[in-house]
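The chain contents come next:
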Amino acid sequence: MKNSFKTPQLLLRIALGIGFLTTVSDRLGLLGPMGTNNIEWGNWENFINYTATLMPFLDRPAVNIMGSIATIAEAIIGIMLIVGIKTRQAAIASCILTLIFALSMTTFLGIKAPINFAVFPVCAASLLLATIPVYYLSLDNLFARSEE
């Protein structure tokens, strides 16, 4: 039996990418206000208040910077995963970023917080994606073929 990663890696890339972009959209208020079903933050201020709970050792300007860095990183990682450009690097970045989230959430909010946000499965799925040899239906694969 031939072991093919074509469909699983594509679905995993899309799922992880959409997950990151949805989270970014939520904190930017693009999905609706706080209080709407399935909206965690609803705006930037609520997101930064939450971020401050994960970084109580930082002052507010530093929390804003860290929240901005995380948001930009998540947006870039999400796009890279969906289109399949530098997929392995994006998957490794995703794994590292979510591992940092998991450790911070566990330290300052308890183990239930990263479980509620499914941070551990995203971290593990990202690591798994980084090990897949070929990313079909990706810009990586298209560019590799054009070099042949």
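Source: prediction; values computed, not measured.

Novice: Explanation requested: the pattern of salt bridges in the structure shown.
Specialist: Side chains carrying opposite charge are able to pair once their charged atoms draw close together. The full count for this structure, using the stated rule, is two salt bridges. Among the salt bridges present, the one from R27 reaches E74, with a minimum N-O distance of 2.7 Å. Here R27, found in helix α1 (residues 6-27), pairs with E74, found in helix α3 (residues 60-83); they are 47 residues apart in sequence, far enough to count as distant. Taken individually, R27 and E74 each receive the classification buried, so the pair is uniform in this respect. For E45, the salt bridge identified is with R60, shortest N-O distance 2.6 Å. Here the residue E45 occupies a position in helix α2 (residues 44-54), and R60 occupies one in helix α3, the gap between them amounting to 15 residues. Overall, the relative accessible area of 46% leaves E45 in the partly exposed class.

Novice: Honestly, the nonpolar core in this entry has me stumped. Any pointers?
Specialist: Inside soluble globular proteins, nonpolar side chains tend to come together where they are buried. In this structure, L12, L16, F20, I77, L81 and L129 are the most contacted members of the largest nonpolar core, which totals 14 residues. Elements that contribute at least two residues to this core include exactly α1, α3, α4 (87-109) and α6 (119-130). If sequence neighbours within four positions are ignored, L16 has contacts with L81, V122, A125, S126 and L129. If you look at the next biggest cluster of nonpolar residues, it comprises eleven residues, including Y50, A102, M105 and V119.

Novice: How should I be thinking about the side chain of S126 in this particular structure?
Specialist: Among the structural elements, S126 can be located in helix α6. A distance of 2.8 Å separates a polar atom in the side chain of S126 from the backbone oxygen of V122. Look past the residues within four positions of S126 in its chain and what remains in contact with it is L16, A91, S94 and C95.

Novice: Would you mind going over the environment of P8 with me for this structure?
Specialist: The topology assignment puts P8 in helix α1. As for P8 and I82, which are separated by 74 residues in sequence, their C-alpha atoms are 13 Å apart.

Thresholds applied
Residues numbered from 1 in each chain as written. Predicted model: local features only at pLDDT ≥ 70, side-chain atom pairs only at ≥ 80, totals over all residues. Heavy atoms only, no water. Salt bridge = Lys/Arg side-chain N within 4 Å of Asp/Glu carboxyl O. Helix = DSSP H or I, 4+ residues; strand = E, 2+ residues; numbered from the N terminus. Buried < 20%, exposed > 50% of the residue type's maximum accessible area, 1.4 Å probe, protein only. Core = buried A, V, L, I, M, F, W, Y, C linked by side-chain atoms within 4.5 Å. Contact = heavy atoms within 4.5 Å. Polar contact = N/O pair within 3.5 Å; in protein donor to acceptor, adjacent residues only side chain to side chain.

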